[in-house]
Structure formats: structure tokens, C-alpha cells
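Geometric and topological summary
Residues per chain are reported as follows:
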Amino acid sequence: MSYQATKTTCPYCGCGCNFYLESVDGRLVGIVPDKSSPVNQGKLCVKGWTAFEFVQSPRRLQTPLIRKNGELVPASWDEALDFVAGGLKKIVKESGPRSVGVFASAKITNEDNYVLQKFARAGIGTNNVDHCARL
Amino acid sequence: MAGLAATFGSGAMTNSIDELTDADVIFVIGSNTPTAHPLVATRLFRARAKGGRVIVVDPRGISLRKQADLYVQHKLGTDAALINGIMYVILKEGWENKAFIESRTEGFDAFRAVVDQYPPERVSQITGVSEQDIRTMAEWYAKAEKASIVYCMGITQHTTGVDNVKSLANLSMLTGQIGRESTGVNPLRGQNNVQGACDMGGLPNVYPGYQPVLNEAVREKFGAAWKAEGWEVSLDQGVGLTIPDMLHALDHGEMRALYVVGENPVMSDPDQHHVEQALAKAELLVVQDIFLTETARMAHVVLPGCSYAEKDGTFSNTERRVQRVRAAVKPVGQSRPDWEIIQDLSNRFGYPMHFESPARIMEEITQVTPQYAGIRFDRLEGEGIAWPCPTLDHPGTRFLHKDKFVKGLGTFFPIEFKPPAETPDPEYPMWLTTGRAHVHYHTGTMTRNSPTLHAQMPDGYVELNPAKAREIGVEPGGSVRLSTRRGSITAAAMVTERVPADTVFVTFHFIEANGNVLTNTALDPIVKIPEFKVCAVRVEAA
């Protein structure tokens with residue numbers, strides 16, 4: 001049996017509490033708040049204490065999906081990404097970069113957001129980038 | 001954030017969370033802190049235990065009122081009038097900080113001319129707050145050695161959201177309660193990385209680090225930084241569209257493709273039916289998420305990203321602290337970190353990207369983002385670093401605007417009270433307001449898939465005052481129908497004195513009773529924030 005505790009940052013509100021994700025043999029089993037964190041100082045709210053549960057939900061998406069005959073069906077990464085890249089290229093060529101929009105996210109990391117807006121601005125060529133800062 | 005950026009030059013929490021503990025007065029307005037930001041609420045309790053005073057201002061009788069030295073229940077959407085009334089008293093009594101106004105600010109005279117129009121008698125009529133309470137707030141806040149303002153979406157989610165924020169900034173400058181420890185104007189940000197998403201340029205008008213897309217020198221800098229072999233970078237010369245404008249453009253056929261990463265606009269945006277209608281018109285709708293959200297169900301292609309527990313990177317919290325996120329387990333199924341998916345897509349699109357890891361991405365971020373220049377992954381062990389952090393040996397910045405505002409002088413803006421876009425009338429005679437419940441979060445994607453939280457609150461509900469419940473003949477737990485000009489929902493009544501007799505409250509956590517079926521799409525004219533917090537509604541037994 002291998003036990004691990006990995007220090008990380010809570011995915012819920014803007015407080016940014018720190019905790020350790022506890023795993024046994026690669027499966028999350030619990031959370032321990034970080035006493036050294038200047039934000040939460042060893043405490044957590046009810047959402048923080050349970051922030052490992054949804055990660056292992058059986059409803060998590062397992063594979064890419066493509067709509068075929070009106071239904072979303074599993075697809076390979078190659079098929080899904082080629083389909084999206086091809087579709088975007090065609091639309092940009094026909095209607096220009098501003099015919100594409102991108103929603104960035106307050107849930108993904110800084111690095112994810114940086115790469116996403118870089119792709120939108122330098123790749124697609126549009127400033128149509130926004131996220132739910134207002135919501 | 002635009003309100004604070006215009007006033008002070010930086011749109012972020014001015015001080016850090018832990019400084020609240022040492023404030024003498026904390027003025028909390030439009031923030032249900034114990035529900036939405038529990039670990040900030042602990043600082044309010046501690047400040048009080050140390051002898052500080054907490055003032056809570058909210059149209060709903062939130063639980064925090066029981067921990068307040070003064071609780072004030074104003075009418076929905078009258079924040080700017082209330083703050084003007086407080087400032088009127090401060091000026092009338094001579095409690096303003098003349099030295100601070102003189103040396104650190106501009107625009108005072110025009111501002112004063114407007115505030116002079118808001119004597120407590122008039123403000124009391126507009127807001128429903130007693131003249132005595134207005135005077136008490138003015139005296140406590142102005143006379144405190146260190147007073148902090150804490151606000152949240154109750155201030156910003158209005159057609160007057162920017163005005164409301166500028167009003168709070170005015171209050172802090174008038175009394176010199178800014179630029180020192182345990183003072184300042186502190187917006188609590190609702191999502192773990194909303195600060196970071198803004199910092200990284202996830203906005204239509206700025207590149208990373210709030211550098212304007214309309215500035216030619218800035219554009220040249222990014223054009224050079226983002227050069228890649230075999231690809232001609234051609235940057236958009238104009239400001240892009242906000243989310244409400246993108247939905248409008250989709251609806252009118254001016255936008256053909258939408259790539260949504262980690263958002264659920266069907267649930268989170270106002271007027272759900274309108275959002276669905278707009279998204280249905282996209283020729284290519286791509287949604288990248290960890291669950292099959294209500295938005296993903298409408299997509300042509302769904303890409304499985306992995307969760308925070310399965311990837312490396314950083315989040316920036318509400319006090320600008322950049323902190324590490326670390327992979328604890330392997331991604332489920334074939335899901336992948338979002339940056340990897342986007343990079344793979346970019347390469348297939350034709351724009352080459354070859355980052356090896358999030359640490360390498362951060363190195364590029366620090367090259368183009370002055371506030372992050374001194375940040376590296378190896379420096380983020382321990383407590384993280386609050387930006388601005390300009391150099392590799394800089395410790396980060398605990399509070400902003402010491403000695404001088406980021407933009408130089410702080411600007412007073414004269415703010416007139418404007419009523420909400422939609423007010424009750426004979427057909428829709430009551431007020432509707434929205435917010436969060438303590439065990440759930442935003443659109444419920446994560447919390448409703450967490451068995452412990454789901455068990456605590458499996459269904460949506462409507463908060464209804466006992467008098468109103470009797471009037472329409474609804475028992476606690478009975479079914480209530482809410483209708484607005486946008487749509488109608490049915491949910492169980494939670495009969496409670498938290499809401500006044502003329503007001504109901506709903507959340508947007510539950511798709512089967514989503515408050516955003518009802519909410520108004522009317523926007524603040526500057527930042528385009530929708531008026532989630534106020535609209536007119538009809539309430540009936542169902």
C-alpha cells in the first residue's frame with residue numbers, strides 16, 4: 001500500500017486555502033488542511049473538506065466526444081482535435097478570425113489560461129476572449 | 001474591477017486577507033462572507049474578538065448579521081445612494097482626512113458637489129435605512145484608526161456595478177482608509193482563479209498583466225514574444241467581445257464558432273433560455289470540461305480536461321497570492337491537462353507551441369507580465385507570492401497603494417444614484433435577488449457530484465418571507481412558481497425572515513430550478529456585468 005499527501009490549493013472560492021490531498025494506491029481518500037497556510041491556517045469549510053469527492057465521480061468525462069447523427073459519441077483524441085482544428089481553420093478562412101470566440105475560465109490554472117489566450121490571439125487572431133469574471 | 005482600476009490604477013483586492021484581523025472597523029457590503037468566503041469570515045470574527053467593530057450591510061438578513069455590531073438592511077440596488085449618504089455625514093461633521101485628499105487624490109470638488117445632494121433624510125427615503133444608522137456608519141468608519149471595506153457580487157452584479165465600486169473607493173479616499181495595513185477596498189473574488197484568469201489576459205481588452213490591446217507598443221511586444229517558426233502572427237487590432245456580446249453575435253450570425261473551456265454559460269449567465277438559443281446557432285461549439293455540463297450537452301465536440309487534483313500549475317487567489325497546484329493522482333480515463341489539449345489543438349491548427357511543462361509556461365508568463373516577473377515555480381514553495389513581484393529577489397506585495405496609487409493620484413468620481421434596470425410593477429410586483437448556498441458552488445458541477453455536499457442539499461429552493469407565504473397560501477416546503485419577463489421556475493419554499501416580505505431569493509446551483517432562467521440581461525454599460533442581483537418577479541403557489 002502506498003500513501004501519499006500532496007500539497008495543493010482548493011478549487012472552490014477565491015480564498016485560496018491550502019490542503020494536502022491524501023491518496024492510497026493512486027486513489028484519493030481524504031483531505032488534511034495545511035496549518036502553515038497564511039490563508040486558512042489549518043482550517044477548511046465544508047466544501048474544502050470534501051473537495052476530493054467530485055474528482056473520482058463516475059460521471060467524469062473519460063474520452064473525447066463528437067456529435068454524430070445528433071448524438072455525442074466517444075472518439076479518439078486524434079479524431080476530436082483534427083475535427084476542431086479543421087473546423088476552426090475553415091471558419092477563420094471564410095469569415096475571418098473575429099467569427100470565433102473563446103471562453104477562458106476562472107477554474108483552470110494560470111498556465112492553462114495563458115496558453116488559451118495565446119492560442120486565441122496569436123493563433124486564431126482574435127481578441128474575443130472573456131471569462132466569467134462578471135458572474 | 002474596472003471601477004477600482006479607474007480610481008486607483010489596479011483592479012484587485014488592495015490588502016491581504018489576514019490584515020482584516022487587525023482592523024478596528026470592517027464595513028461589509030454585498031458579501032455573504034460566511035457562505036461564499038468562509039475563511040475570510042473567520043477574520044471578521046477574530047477582528048471582533050479583538051475589539052474591532054463589524055458593520056454588515058445587505059438587503060438579505062444573512063447570518064452574518066448576528067455577528068455584526070451594526071446590521072443595516074437597505075433596499076436592493078440602492079448602494080450608491082447609501083454610500084453617498086455616509087459620505088455626506090462625514091463631510092458635514094468634518095471627519096474627512098484633509099491631508100490625504102490634498103496630497104493623494106484628484107477630482108474632489110466635483111465629487112463633493114454630488115455628495116452634497118445626499119443628506120440623510122433623502123438617503124433614508126431611497127434606501128429604507130434610518131438616519132441614525134447612516135450617521136453611526138459614518139462615524140465608526142471615518143473615526144477608526146484602521147477601517148477596511150469588504151465587498152462582493154452584491155455590489156458588482158448591478159447595472160450600476162462600476163458606480164457602486166467607485167463609491168466605495170470614494171469612501172476610502174475621503175477618510176484616508178487606504179494604502180495602509182488593515183485598510184483598503186477589498187473585493188472578494190468568487191472563484192479560485194478568477195484573479196489569475198484576469199491576470200493572464202482572459203479578457204477582451206487586455207493582454208496578460210492588464211496591458212491594453214489598443215496600445216501599439218504593447219501589441220508589438222506581444223507580436224514579437226509570440227513569434228513562431230512557420231507562422232505569421234497577426235494580432236487583432238481592436239478590443240474583442242465580452243461574453244454577453246459573444247452570445248449576441250452568435251444569435252445574430254456574426255460569430256460562427258465558440259470554444260468554451262471550463263465554463264458553463266447555460267447555467268451561469270442571465271436569461272438561460274436566451275443563452276441556449278444563442279449557443280444552438282453556433283456552427284461549431286467546442287466544450288472542454290471535466291463533466292458533461294449543461295453547456296457541454298449542446299456541443300459538437302466535447303474535450304475531457306482533467307481536474308485540479310490531476311495537474312500541475314498555479315492559481316492566484318483573491319489577495320493576488322500566486323500558489324501552486326500539484327497533481328496528486330493520475331488523470332481519469334483519457335482526460336488531459338487543459339494546457340496540453342490547447343497546445344495540441346494549436347499545433348494542429350497551424351500555430352506551433354512546444355511547452356514541456358507548466359513551469360516552462362510560467363517562465364514565458366514572467367517574460368511578458370511585469371506583475372509576475374519575479375515569480376518562478378521554485379519560489380512558490382511555502383506561502384506563495386502576492387503580486388506585484390517585479391524581480392527574482394522581491395518578496396511580493398502585501399498591500400497596494402502605499403505612499404502612492406498605482407496610477408499616481410487617486411481619482412474621486414461623482415456618483416449619482418440610479419435605480420435598477422427593472423423594478424416591480426403590477427404584473428411582476430416583487431423583487432428577486434440571487435446568490436449562493438453554503439454547501440454548493442456556482443453551477444453545481446463540482447458540488448452536486450460530491451456525495452457529502454449533495455446529501456446536505458439535494459434540491460433547489462426559494463427563500464420566501466413568512467408573511468408572503470401566508471398571503472399566497474404556501475406552507476414551508478410547498479411548491480412556489482416564480483415568473484419574470486424571461487421565464488419561469490418552480491421550487492420548494494424555504495420560509496424565512498432572511499428576506500423581506502417584498503423579496504424572494506434563489507440560487508443558480510440547480511438546473512431544475514435555475515435562478516438564471518429568471519435573471520435580467522441588462523448590463524453595466526462599462527464592464528458589461530449583468531444585473532443578477534435585482535429584477536422584478538411574480539410569486540405564486542404552484
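Note that the structure is predicted; figures quoted are calculated from it, not measured.

Looking at chain B as a whole, the pLDDT averages 94, with 100% of positions reaching at least 70. For this predicted complex, the interface confidence comes out at an ipTM of 0.98, alongside a pTM of 0.93.

Here we take up the pairing of strand 11 (residues 301–304) of chain B. Going residue by residue along strand 11 of chain B, you find B:Val301 and B:Leu303 tucked away on one face and B:Val302 and B:Pro304 tucked away on the opposite face as well. Bridge count between strand 4 (residues 65–68) of chain A and strand 11 of chain B: two bridges; the pairing is antiparallel. Residue pairing across strands places A:Leu65 opposite B:Val302, the latter belonging to strand 11 of chain B. As defined by bridge partners, strand 10 (residues 284–289) of chain B adjoins strand 11 of chain B across four bridges and the pair is classed as parallel. Bridging from a neighbouring strand, B:Val287 pairs with B:Val302 of strand 11 of chain B.

So, on to the interface of chain A and chain B. The partner chain B presents 114 residues to the 90 residues of chain A that form the contact. The leading source of residues in the side of chain A that touches chain B is helix 3 (residues 110–124) of chain A, at 13 residues.

Packed helices, taken two at a time, are described by the angle their axes make and the gap between the axes. Residues and elements named next belong to chain B. Packing of helix 4 (residues 79–93) against helix 10 (residues 161–175) brings their axes to within 9 Å, and their N-to-C directions diverge by 15 degrees. Classified by the interaxial angle, the pair formed by helix 4 and helix 10 is roughly parallel. The two elements helix 4 and helix 10 meet at a crossing, and its hand is left-handed. Touching Asp79, Ala80, Ile83, Asn84, Ile86, Met87 and Ile90 of helix 4 are Asp163, Asn164, Ser167, Leu168, Asn170, Leu171, Leu174 and Thr175, all from helix 10.

Glancing now at the domain arrangement of chain A. Under the domain assignment used here, chain A contains domain 1 (3–56), domain 2 (61–95) and domain 3 (96–135). When each unit is reduced to the centre of its C-alpha atoms, the spacing between domain 1 of chain A and domain 2 of chain A is 35 Å.

Nonpolar side chains in soluble globular proteins generally cluster together in the buried interior. Among the nonpolar cores identified, the biggest contains 88 residues, and B:Ile26, B:Phe27, B:Val28, B:Ile86 and B:Leu168 are the most heavily contacted of them. The element contributing the most residues to this core is helix 4 of chain B, with nine residues. Among residues more than four places away in sequence, those in contact with B:Ile26 are B:Leu20, B:Leu44, B:Ala47, B:Gly52, B:Val54, B:Ser148 and B:Val150. Of all hydrophobic cores here, the second largest spans 84 residues; its members include A:Ala104, B:Ala299, B:Ile361 and B:Trp387.

What you tend to see is this: most non-glycine residues have negative phi, and most peptide bonds are trans. All names here are of chain B. Omega for the bond connecting Trp387 with Pro388 falls within 30 degrees of zero, at 0 degrees, which places this linkage in the cis form. Position of Pro388 relative to the elements: it lies in the loop between strand 14 (385–386) and strand 15 (410–411). A positive phi is found at Ser182, a non-glycine position, where the angle reads about 60 degrees. For Ser182, the location among the structural elements is in the loop between helix 10 and strand 6 (185–187). Here Ser182 falls in the buried class, since 24 other C-beta atoms lie within 10 Å of it. Residues other than glycine seldom take positive phi values, yet Lys528 does so here, at roughly 65 degrees. Here Lys528 lies in the loop between strand 20 (503–507) and strand 21 (535–541).

Turning our eyes to something else, we now look at helix 10 of chain B. The periodicity of an α-helix, 3.6 residues per turn, causes residues three or four positions apart to be oriented the same way. Residue and element names in this part refer to chain B. Between its terminal C-alpha atoms helix 10 stretches 22 Å, which fits the 21 Å expected from 15 residues at 1.5 Å a residue. Counting buried positions along helix 10 yields 15 of 15 residues, so the element is predominantly enclosed. Where helix 10 terminates, the next one or two residues include Gly176, which has phi positive at roughly 65 degrees.

Below, the discussion takes up the environment of B:Ala327. Looking at where B:Ala327 falls in the secondary structure, it is placed in the loop between strand 13 (321–325) and helix 16 (338–349). Excluding residues that lie within four positions of it along the chain, B:Ala327 makes contacts with B:Glu310, B:Lys311 and B:Asp312.

Residues and elements named next belong to chain B. Read across the open sheet, the three strands follow the order 12-13-14; overall the sheet is antiparallel. Looking at strand neighbours, the two that pair on one side only are strand 12 (313–316) and strand 14, the edges of this open sheet. Sheet analysis places strand 13 next to strand 14, joined by two bridges and oriented antiparallel. Note on strand 14: the bridge partner recorded for Val322 is Ile385.

All names here are of chain B. Across the sheet, five strands lie side by side as 3-2-1-5-6; this open sheet has parallel pairing. Of all strands in the sheet, those bounded by a partner on one side alone are strand 3 (70–72) and strand 6. Across this sheet, the average inter-strand angle for adjacent strands is 15 degrees, counted without regard to direction. Bridge count for strand 1 (residues 25–29) against strand 2 (residues 53–57) is five bridges, and the pairing is parallel. The partner of Val25 across the bridge, within strand 2, is Arg53. Here helix 10 sits on the sheet and contacts strand 5 (147–151) and strand 6; the angle it forms with strand 5, its principal contact strand, is near 175 degrees.

Another aspect to go through is helix 8 (residues 131–143) of chain B. Residues and elements named next belong to chain B. Taking 1.5 Å as the rise per residue, helix 8 with 13 residues should run 18 Å; its terminal C-alpha atoms sit 18 Å apart, in good agreement. Burial in helix 8 covers these residues: Asp133, Ile134, Met137, Ala138, Tyr141 and Ala142. For helix 8, the arc enclosing every buried residue in end-on projection is 145 degrees, short of the 170-degree limit, so these residues lie on one face.

All names here are of chain B. In the sheet, strand 17 (residues 461–464) pairs with strand 19 (residues 488–495) via four bridges, with the strands oriented parallel. Among the inter-strand pairings, Tyr461 is bridged to a residue of strand 19, identified as Ala492. Note that strand 18 (residues 479–483) and strand 19 share five bridges and pair antiparallel. Bridging from a neighbouring strand, Val480 pairs with Ala491 of strand 19. Where strand 18 folds back onto strand 19 in an antiparallel hairpin, the turn is made up of four residues.

By the secondary structure assignment, B:Asp403 is in the loop between strand 14 and strand 15. B:Asp403 sits 223 residues away from B:Arg180 along the chain, and the two C-alpha atoms are 8.7 Å apart.

All names here are of chain B. Mapped onto the fold, Val206 is located in strand 7 (residues 206–207). Given 23 C-beta atoms within a 10 Å radius, Val206 is considered buried. Sequence spacing of Val206 and Val239 is 33 residues, and the spatial spacing of their C-alpha atoms is 8.1 Å. If we skip the residues at most four places from it in the chain, Val206 touches Gly201, Gln211, Pro212 and Val213.

The rules we used
Residues numbered from 1 in each chain as written. Chains lettered and ligands numbered in written order. Predicted model: local features only at pLDDT ≥ 70, side-chain atom pairs only at ≥ 80, totals over all residues. pLDDT = per-residue confidence, 0-100. Buried ≥ 20, exposed ≤ 12 C-beta atoms within 10 Å, placed from the backbone. Helix = DSSP H or I, 4+ residues; strand = E, 2+ residues; numbered from the N terminus. Pairing = 2+ DSSP bridges. Contact = placed C-beta atoms within 7 Å. Axes fitted to C-alpha atoms, helices over the stretch in contact; angles between N-to-C directions. Parallel < 35°, antiparallel > 145°, perpendicular 65-115°, else oblique. Left-handed = near helix turned anticlockwise from the far one by under 90°. Domains from an automatic or database assignment. Core = buried A, V, L, I, M, F, W, Y, C linked by C-beta atoms within 7 Å. Expected span 1.5 Å × (residues − 1). Arc of directions from axis to C-beta.

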